[in-house]
Amino acid sequence: MRALNRKLLRDLWKIKTQVLAIAVVVGCGVAILVMALGTRRSLEETQAAYYERYHFAEVFAHVKRAPEYLAERIARIPGVKWAETRVVADVTLDVPGMAEPATGRLVSIPEHRRPALNDILLRRGRAIAPDRPDEVLVDETFAEAHGFRPGDHFFAMINDKKRKLRIVGIALSPEYIYAVGPGALVPDKRRFGVMWIGRAALASAFDLEGAFNDISLSVLPAASKAEIIERLDDLLDPYGNTGAYDRADQVSHAYLSGEMDQLVATARVAPPIFLGVAAFLLHIVVTRLVATERQQIGLLKSFGYGNAAVGWHYLKVVLIVAGLGVVLGFAGGAYLGRLLTQLYADLFRFPFLHYRLSFDVFALAALVTLAAAVLGTINAVWRAARLPPAEAMVPAPPAVYRRTAVERLEPRGLVGQPTRMILRHIVRWPLRAAMTTLGISLGVAILVSTLFFFDAVEHLIQIYFHHGQRQDVTVSFTEPSAERVVHEVGRLPGVLAVEPFRAVAVRLRHGPRSERVAITGLEADAALQRALDARLRPAAIPPDGLVLSTKLAELLAAAPGDVLTVEVLEGRRPLRRIPVAALVEEYIGTPAYMDRQALNRLMREGPVVSGAHLLVDARQDEALYRRLKDTPVVAGVALQTVALRTFRETMAETMNIMMSFYVVFGGLIAMGVMYNSARIALSEHGRELATLRVLGFTRFEALYVLLGELGVLTLLALPLGCLIGYGIAWFFAWSFDTDLFRIPLVIEMSTYGGAVLVVLVAGALSALVVRRRVDRLDLVAVLKTRE
Amino acid sequence: MASAGVSKDRSPNERPRGPQGTASGPDRPERRRAFVARALTKVYGKGEVAVHALRGVDLELFEGELAVLLGPSGSGKSTLVNIMGGLDLPTAGQVFFHDLELTAFDERALTAYRRENVGFVFQFYNLVPSLTARENVALITDIARDPIAPEEALALVGLAERLDHFPAELSGGEQQRVAVARAIAKRPEVLLCDEPTGALDSKTGVLVLEAIERVNRELGTTTAMITHNAAIAEMADRVISLADGRIAGVRENATKSPARALAW
């Protein structure tokens, strides 16, 4: 090894803790980049292959009942490649060994061929036999949750009749990668399952022979989907069309895309922060290294080393530290990517999902990192390279200090000399002080914007489950039913209170904008399901007019007072103009509300309801469930307590692990900045420190001067970090804002407190490490040497 | 901190019995001893690389005197002064400052001793670059019990006009005089100077020596000054020569030369 390289390695070894601290910050950035982009790549590729191989449709529509011959006319819409009709129905299931009712989505499949669209992947067992109407395929996750094997059976309430269904195979479909049941927020493996059953059997059970209630299209590559959707709606509208929609609005696809967008958002926010901070740390370390090795540089040049050789020498320092970080980041990123992919494999129902180490993701991460490191330090390296040898051999002129503006304001004698030193150090290198403050505050910000997710989820739960939807059970009826049915439901065992609701599929139009939503008609004195205003107070539903969620109002560009065209998509399909009366704050979906009687009037129907919310006595749950499973009018039963538990479990599974990593990363970035800052201070002011100690200052007093600067900067960084954290949280809330759900921008004081605490602990640890060095300072040796 | 050489508790005013090698002056009972060092040895390192900086030194310094410790590089004079100043501890032997046994002190007590009793002046000034001349002195007067005002201390060393200059704006000689002012502003009992003119030319050096001389005379501060420059020894009350870690001789100047008369 060449002598100069040997010197390089020894120099680095002397500051190994600093090197490690910077490499760790680099590593965090690289790891997040590799994890996020790599996982996204894996999801994207798996999704693309799965969609293609199993012909996932591109346009979807549901109707009440349309004649089969309509399919041919639909297939002739220009741009349509294939049209596939189906019968799809949600039914209440009675699963052996489970007290509460489950919901099954029965999806028809052709008996004599493979589905041309939305094909299924048979994992185990066999396909259904054409002449056996009781044979079904069950989706793998639901089967696993119940330990189902081919040969097992369960019961379903199909069109008022309890039917026994026999499982012959276990399957998966690209249509249900993210399988969330009707009205549920997150997938519930036990309580929602998809089943595939022969078309003839299902059609006959629901009186849909020679008809369909669901159609999927694939389209030609160049075709305009918007036009196709419009033509499709025109054809389907007479048949109880609830509005055709693009794949982008298909629930499973939308959730999966949302998750992939979040990964991209993460890759956009976090790595630049880490790499930016790392570049700054490298800059101060290299600058200091060049300053301490000034005379050595002069010596090297006097020996005949050129500017390029000296520049390259210090650039190698940068590349080694950044390279170490890249290696750490690769390892960490691959580990985290694998972990996250496992979480996704559990959340999404893919036939396979592996984290693939893709070369270009690694190459991109390495390139971005090294570029950031070199850009951050090029100035310092350039100055080292350009140092004229004669000048370099002479010690650098002493730093010139001046009085700070603060001191001019303060009467002499108020501030002690040690404090004065601290202030002047800060003012002497204002940019560095500002960058250090920014670095520490970014640590705080990462912590705040990470912990924010817990606050947001908790807030969501509070609003959704504790303020908005206070019922224990929601029963939806197969058909709009008379109020009398509600009274019957009220007499079921354990029911303490019952509150009906009406839900109607509509298309709302405001100017050129339109949205397909359901209007929920609430009772005037609703106490279980309530719409909430921005302050979480129940919003009164006016006797006339629409109450829109803020997101829906935003999508429609509508405000209170605006008049919307309401196109009802069911029943007699009335068309009315109704004013927006008020807005409510909702984070899930895009609901719209009306007074139930007003909605009945709009529908030109009597006092009918779509379902009822129940408040029940938990001790009689089993009896209630038993009755509900056998009640013919019940199409679906949603259990709030189970939903809340599932929601919490899903959030815990998907968030806790990743968020803990981000918390650690936030602490590491703060510690990296603070430790390096303290070490640089020690290197620069070690001599003054020794002087103070010799003059009789205690260790504590000397440490005060050394770390006071860092302390002041940290105190400045804490509120700044909270502010930046709020900004990042806002960005996350903004970038995750979809029609499906929003993240409330709520940050609790305890979150700020926690973030501040973590950073203070990181600072204290850095101070302790530096303190040990101060304790070992050789006073005599320091004083005996020339500056 | 473990202190080597703490042993028998003898009163410092009991005369050492060693027949030879003591650095005590002529028997003048009216002079009170500020420092008494007995059988000091100091070994740095171990085994083959061990360096014997002091090899059994006995020494006394009297209150108010100006003593010059003269010797070549490596003779042990700095080690001796560092031990007297509470910066270092001997491997064996005892040092008393009045009734206090420094060699029995721990780290904290040594810091307090330096803070209250000792003023230091080093070859390389060691001013705090971020503080002005006045503030460098105030650094000490802020924590001292009965200090001289920083302005007064700087006037004493002839820098009344340079109060608000930063070290970077002062010449080497001026910086060293600020260091002297800083050292004496707390009215220390003892002023220890390690090659105070080592980095200065003769003319500037004399100005610094004049400052030290004036402090010794006007404040009565016991002063020990290390130098390898024999010319400087002429301003001392006593000249203690060291060589190879031992006291080589003690000479009393019958007539002291004033500092301004010195040249080298």
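Relevant structure appears above.
Residues numbered from 1 in each chain as written. Chains lettered and ligands numbered in written order. Predicted model: local features only at pLDDT ≥ 70, side-chain atom pairs only at ≥ 80, totals over all residues. Heavy atoms only, no water.

### Observations concerning the overall build of chain B
Okay, so step 1: For chain B, the helix and strand inventory stands at six helices and ten strands.
Okay, so step 2: In chain B, buried positions account for 57% of the 264 residues.
Okay, so step 3: Summed over all atoms, the accessible surface of chain B reaches about 10700 Å², with 48% contributed by carbon and sulfur. (Helix = DSSP H or I, 4+ residues; strand = E, 2+ residues; numbered from the N terminus. Buried < 20%, exposed > 50% of the residue type's maximum accessible area, 1.4 Å probe, protein only. Areas by Shrake-Rupley, 256 points an atom, 1.4 Å probe, with all protein chains shown as cover.)

### Quick notes on the packing of helix α7 (residues 251–292) of chain A against helix α14 (residues 430–468) of chain A
Residue and element names in this part refer to chain A.
Okay, so step 1: For the pair α7 and α14, interaxial distance at closest approach is 10 Å and the crossing angle is 150°. The two elements α7 and α14 meet at a crossing, and its hand is left-handed. Along the contact surface, α7 presents I273, F274, V277, F280 and I284, while α14 presents R432, M435, T436, G439, L442 and I446.
Okay, so step 2: Of the residues in the contact of α7 with α14, the class split is eight nonpolar, two polar and one charged. (Axes fitted to C-alpha atoms, helices over the stretch in contact; angles between N-to-C directions. Left-handed = near helix turned anticlockwise from the far one by under 90°. Contact = heavy atoms within 4.5 Å. Nonpolar A, V, L, I, M, F, W, Y, C, P; charged D, E, K, R; others polar.)

### Quick notes on the sheet that holds strand β5 (residues 100–101) of chain B
Residue and element names in this part refer to chain B.
Okay, so step 1: Strand order in the open sheet formed by four strands is β2-β1-β4-β5, with antiparallel pairing between adjacent strands. Taken across any chain shown, the strands that pair with only one partner, and hence form the sheet edges, are β2 (51–62) and β5.
Okay, so step 2: Bridge analysis of strand β4 (residues 92–97) against β5 gives two bridges, and the strand direction is antiparallel. Looking across to β5, one finds that F97 is bridged to L100. (Pairing = 2+ DSSP bridges.)

### So, the environment of M260 of chain A
Residues and elements named next belong to chain A.
Okay, so step 1: Residue placement: M260 occurs in helix α7.
Okay, so step 2: For M260, a relative accessible area of 6% corresponds to the buried category.
Okay, so step 3: When the C-alpha atoms of M260 and P512 are compared, they prove to be 30 Å apart, with 252 residues separating the residues in sequence.
Okay, so step 4: Apart from the residues within four sequence positions on either side, M260 is in contact with R40, L43, E44 and Q47.

### Overview of the interface of chain A and chain B
It is common to give the size of an interface as the accessible area that goes away when the parts come together.
Okay, so step 1: At the interface, 33 residues of chain A touch 29 residues of chain B.
Okay, so step 2: Buried area between chain A and chain B, summed over both chains or domains, comes out near 2800 Å², and the portion from carbon and sulfur atoms is 58%.
Okay, so step 3: Counting the contacts that link chain A with chain B gives five salt bridges.
Okay, so step 4: We note a salt bridge from E135 of chain B to R420 of chain A, for which the minimum N-O separation is 3.6 Å.
Okay, so step 5: Within the residue set of the side of chain A that touches chain B, elements represented by two or more residues are α13 (417–428), α19 (640–694), α20 (699–735) and α22 (779–784) of chain A.
Okay, so step 6: Partitioning the side of chain A that touches chain B into residue classes produces 13 nonpolar, seven polar and 13 charged. (Buried area = accessible area lost by both parts, 1.4 Å probe. Salt bridge = Lys/Arg side-chain N within 4 Å of Asp/Glu carboxyl O.)

### Observations concerning α7 of chain A
Okay, so step 1: Helix length check: α7 of chain A (42 residues) gives 61 Å between terminal C-alpha atoms against 62 Å at 1.5 Å per residue, within 8%.
Okay, so step 2: Counting buried residues in α7 of chain A gives 33 out of 42 residues, a clear majority hidden from the surface. (Expected span 1.5 Å × (residues − 1).)

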